Structure formats: structure tokens, C-alpha cells
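# Structural overview
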Amino acid sequence: TYTEQNPTVIYNTEGLYDAKLAIQNAQGSDMIDYLGAVKVGGTCPVWNIGIDESLNLNAINMSFYGYYGGTNWLDMYAFAERYEKPAVKSEVSAVDIYFYDTKTVISPVDITVSIRNEKEGLPGDVLATVSMSTDDLVNNPSTWLPTTFTFSTPIDIEEAFYIVVEGFPNRTDDGTYQDDQVVMGAIKRDANSTKQSTVYHYGPDYDNPGAGDVWLKNADENVSFAIAPRLTY
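Residues numbered from 1 in each chain as written. Predicted model: local features only at pLDDT ≥ 70, side-chain atom pairs only at ≥ 80, totals over all residues. Heavy atoms only, no water.

## Here we look at unusual backbone geometry
Spelled out, the test is: Labels follow the DSSP assignment, with helices taken as runs of H or I lasting at least four residues and strands as runs of E lasting at least two, numbered in each case from the N terminus. Throughout this description, buried means an accessible area under 20% of the type-specific maximum (1.4 Å probe, protein chains only), exposed means over 50%, and partly exposed covers the range between.
In this structure, aspartate 75 is a non-glycine residue whose phi angle is positive, near 60 degrees. Backbone geometry places tyrosine 177, a non-glycine residue, at a positive phi of 60 degrees. Its location among the elements puts tyrosine 177 in the loop between strand 12 (161-166) and strand 13 (181-184). On the basis of relative accessibility, which here comes to 65%, the residue tyrosine 177 falls in the exposed class.

Okay, structure coming up:
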């Protein structure tokens, strides 16, 4: 119990804690309970998508060119989501990815997830990777259950970092004329949103053909992928 302003509280055991605020002056008193107000330690998913946005997850369809954040015919080989520097030193042990579709038309392929540091405002060195067959990916847009990619060893995080997803197939079955369709869920905001794009893609810079394949931030659309690294602190 504290009566001074801005108290400091030390918790000895991780968990979810309630808080209670009592207010009193010459006009009377009141008490407010905040249930589950303080999360101390443990593991929790980190999102760039707000709770109010999560019901609008969808695939970002580029029509004839496929999907942004998945199978495409624009030679975008990898996609990345950026996360801000955590408030305290943390670990990332796994990544939850919410797939909109996981269809392959010929044979399964491996999707690879890596965690990378930041270099000059772009995805940098690979700190850890993990791969999973498309046969094992979870996809059900009616329930939006995640596929969990678990690293063999948790990765220490003290700065901004990226989760990179690559290996999306783009094949066509010659017999059925069906295309691969492996796509992550995403949120695409309107141009007036105060939330900014947090995604990047790796591929050709069509504005600078001589540059080869490079990382580019998607500054044209206000997008975030349904990717949630599990942060332990």
C-alpha cells in the first residue's frame, strides 16, 4: 500500500497482478479495481496489429501478381516485420504466424522464419532460423489459429529487430492450372490511419534496375503482418 505519488513496486514472482486505486478528498471517496493490470515477467506475444484491428485480418491480394506477404509473381522472395526496441532486455523463443492460406499444388515446401538485427534501418544479420513444411502450417481464417515456429535456442534482444519469412512457392500445376497460394494474414489500413507501415520485402528495386535484389520498406501502403514473436522478459 502506497500513499505517495508514482510509487515503485518490485514483484518477486512473475505473473498477472491486480491493482486497486482508492481516491479520497473532502467531497468523499471511491475505489477502483484494475483486474490483471500488471503483467510481471513471463512470455507474451508482441503485435504491431491493434486489438481493434485484429478482426479485419485478411490476405493482401495483388490480383494477377499474387499476394503481398505470400505467393507472388513480382520476385518478392522474403517479407519482414519490424519490432521496436523492447523496454528491457528480453528473449525471443518462438514466433506465431497467422496464415490465411497454405495451399501447394505440386508438393510441400519449407517456409523459413528468421530473426534478424537492424542495420541502417533494414533487416540485417541472421540471428537464428527455423523451417517448417507447408504441410504443417495452420490455416483457418474462421478461427485464426497460429503456426508456431520455435527456435532451438532463445535469442537475446536489446534493440529493434525483424522477423523475416521466406520460401513462399509460386508454381502452377500444368494439369489443373491451379497456383500455389501460401499467404500470411495482414492488416491493410487506410491512408488516414495514424498507425504506420511496419513491413518490408526483399526483391528487385524496379525504380533502380541496376541495384539487384534489396530490402525495401513498403511505404506505399500502410500494412502490418499477422506475425507475433514471443517475447520473454
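Text resumes after the structure shown.
## A look at the side chain of threonine 71
We count it as follows: The term polar contact refers here to a pair of N or O atoms within 3.5 Å; inside protein, the definition further demands a hydrogen-donor-capable atom paired with an acceptor-capable atom, and it admits residues adjacent in sequence only when both atoms are side-chain atoms. Should any heavy atoms of two residues lie within 4.5 Å, those residues are considered in contact.
Of note, threonine 71 is situated in the loop between strand 5 (67-68) and strand 6 (78-83). Threonine 71 gets classed as buried once you look at its relative accessible area, which sits at 0%. Polar contacts involving the side chain of threonine 71 include one to the main-chain carbonyl oxygen of proline 169, which spans 2.7 Å. Once you skip the residues sitting within four places of it in the chain, threonine 71 turns out to touch Gly66, Phe168, Pro169, Asn170, Asp180, Gln181 and Val182.

## Re a negative patch on the surface
For clarity, the threshold we go by: Here a patch means residues that are over 30% exposed by relative accessible area and free of salt bridges, tied together within 9 Å if like-charged and within 5 Å if nonpolar (Val, Leu, Ile, Met, Phe, Trp, Tyr). Under the convention used here, a 1.4 Å probe and the Shrake-Rupley method define accessible areas, while residue burial counts only the protein chains that appear. Within this document, salt bridges are pairs made up of a side-chain nitrogen of Lys or Arg and a carboxyl oxygen of Asp or Glu, the two lying within 4 Å of each other. Residues counted as positive are Lys and Arg, residues counted as negative are Asp and Glu, and His and the chain ends are not counted. To locate a charge, take NZ of a lysine, CZ of an arginine, CG of an aspartate or CD of a glutamate.
Negative charge collects at one region of the surface, where Glu91, Asp156, Glu158 and Glu159 lie side by side. Counting through the fold element by element, glutamate 158 comes out in the loop between strand 11 (147-157) and strand 12.

## Here's the deal with the nonpolar core
For the record, the criterion: Residues enter a nonpolar core if they are buried and are Ala, Val, Leu, Ile, Met, Phe, Trp, Tyr or Cys, with the set joined through side-chain atoms within 4.5 Å.
Membership of the largest hydrophobic core comes to 33 residues, with the highest contact counts inside it found for Ile97, Ile115, Phe149, Met184, Phe225 and Ile227. It is strand 11 that provides the largest number of residues to this core, a total of four residues. With residues near it in sequence (within four places) discarded, methionine 184 still touches Asn58, Ala59, Gly69, Phe79, Ile97, Tyr98, Phe99, Tyr100, Val165, Phe168, Phe225 and Ile227.

## Focus on the sheet that holds strand 11
The following threshold applies: Any two strands are treated as partners once DSSP identifies two or more bridges connecting them. Note on definitions: angles span 0 to 180 degrees between N-to-C directions of axes, and those axes are lines fitted to C-alpha atoms, for helices only across the stretch in contact.
Read from one edge of the open sheet, four strands run 3-18-7-11, paired in antiparallel fashion. Two strands bound the open sheet, and with one partner strand each, they are strand 3 (43-45) and strand 11. Averaged over all pairs of adjacent strands, the angle between their axes in this sheet comes to 20 degrees, without regard to strand direction. In this sheet, strand 18 (residues 227-232) lies alongside strand 3 in antiparallel orientation, the contact comprising three bridges. Counted as the bridge partner of threonine 43 is threonine 232 from strand 18.

## Remarks on the sheet that holds strand 15 (residues 199-204)
If you walk across this open sheet you meet the six strands as 10-9-12-6-15-16, and the pairing is antiparallel. In this open sheet, the two edge strands, each paired with only one partner strand, are strand 10 (122-133) and strand 16 (213-217). Going across the sheet, the axis of each strand differs from the next one's by a mean of 25 degrees, ignoring polarity. Relative to strand 15, strand 6 runs antiparallel, the two being bridged by four bridges. Across the sheet, alanine 80 pairs through a bridge with tyrosine 200, a residue of strand 15.

None of the figures reported here should be taken as evidence of function without further support.
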